[in-house]
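A look at the structure
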Amino acid sequence: MKLNQPAWSVLTSKEEAISFAENVGYPVLVRPSFVLSGAAMRVAADEIQLTNFLSLATEIAADKPVVVTKFILGAKEIEFDAVANKGKILNYAIGEHIENAGVHSGDASVILPAQKLWVGTIRQVKNYAADIARALNITGPFNIQFMAIENEVSVIECNLRASRTFPFVSKTLNHNFISLATRAMCGMEAVPYRISLLDIDYVCVK
């Protein structure tokens, strides 16, 4: 799909993780697979920290691999929540994190509508999201986390589910995104809401 992503790898041994970190350079983000809410997610600045964090990750999910990602400093994190039907996005919302990328999305402060994103950044986010929805043929709710430095956008992850931001998006935009997603998943008529961000004269923060 030719999407930009920070360098990452799924690793099963401490030696593999150390080798990967040496290749991409510190800091790196360590996260156990198949855990929710960023449990045991840590940023390692050197080999000693990496070794310690890998031990913690093993305690939480000993039978699962660990994902190690190059940690990008000074990047803005962008939240994309949407509903799609057969790979086509029906409605979406783009939220902007106050904190730089690295704070788990469940703990971060999110501004909606985004206030300090360049048009070029928003365009890249929308194009990437449309490509992902089409490639995965998504029907229902989904969430993508992006990061951006200047106008360079990268994909952090895509979750094929409703995120914890969905109720916030629905309240802010005054349209029930999960109701629309439910109709799409049940094969019912799912008509996109008419949403004009230019007509919203307020900003919400989660």
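Take the environment of Leu 73 next. Its location among the elements puts Leu 73 in the loop between strand 4 (66–70) and strand 5 (76–85). Counting along the chain gives 76 residues from Leu 73 to Ile 149, while the straight-line C-alpha distance between them is 9.2 Å. Contact partners of Leu 73, with chain neighbours within four places excluded, come to Pro 27 and Ile 149.

The subject of this paragraph is the pairing of strand 2 (residues 28–32). Counting buried positions over the five residues of strand 2 gives four, a clear majority of the element. In this structure, strand 2 lies alongside strand 3 (residues 42–44), joined through three bridges in antiparallel fashion. Note on strand 3: the bridge partner recorded for Leu 29 is Val 43. As paired strands, strand 2 and strand 4 are joined by five bridges and run antiparallel to one another. The residue of strand 4 that forms the bridge with Pro 32 is Val 66.

In this section: a nonpolar patch on the surface. Residues Ile 98, Val 203 and Val 205 make up a contiguous nonpolar surface patch of roughly 270 Å² in combined accessible area. Position of Ile 98 among the secondary structure elements: in strand 6 (residues 88–100).

Quick look at the nonpolar core now. Core analysis: the largest hydrophobic core is formed by 18 residues, its most contacted members being Ile 78, Phe 80, Val 125, Phe 142, Ile 144 and Phe 146. Of all elements in the fold, only strand 5, helix 3 (119–136), strand 8 (140–149) and strand 9 (152–159) reach the threshold of two or more residues within this core. Top element by residues in this core is helix 3. It accounts for five residues. Ignoring sequence-local partners within four residues, the contact set of Val 125 consists of Ile 78, Phe 80, Ile 94, Phe 146 and Val 153. Listed in part, the 15 residues of the second largest apolar core include Ala 93, Val 110, Val 169 and Ala 190.

Rules used throughout
Residues numbered from 1 in each chain as written. Predicted model: local features only at pLDDT ≥ 70, side-chain atom pairs only at ≥ 80, totals over all residues. Heavy atoms only, no water. Helix = DSSP H or I, 4+ residues; strand = E, 2+ residues; numbered from the N terminus. Contact = heavy atoms within 4.5 Å. Buried < 20%, exposed > 50% of the residue type's maximum accessible area, 1.4 Å probe, protein only. Pairing = 2+ DSSP bridges. Patch = residues over 30% accessible without salt bridge, like charges linked within 9 Å, V, L, I, M, F, W, Y side chains within 5 Å. Areas by Shrake-Rupley, 256 points an atom, 1.4 Å probe, with all protein chains shown as cover. Salt bridge = Lys/Arg side-chain N within 4 Å of Asp/Glu carboxyl O. Core = buried A, V, L, I, M, F, W, Y, C linked by side-chain atoms within 4.5 Å.

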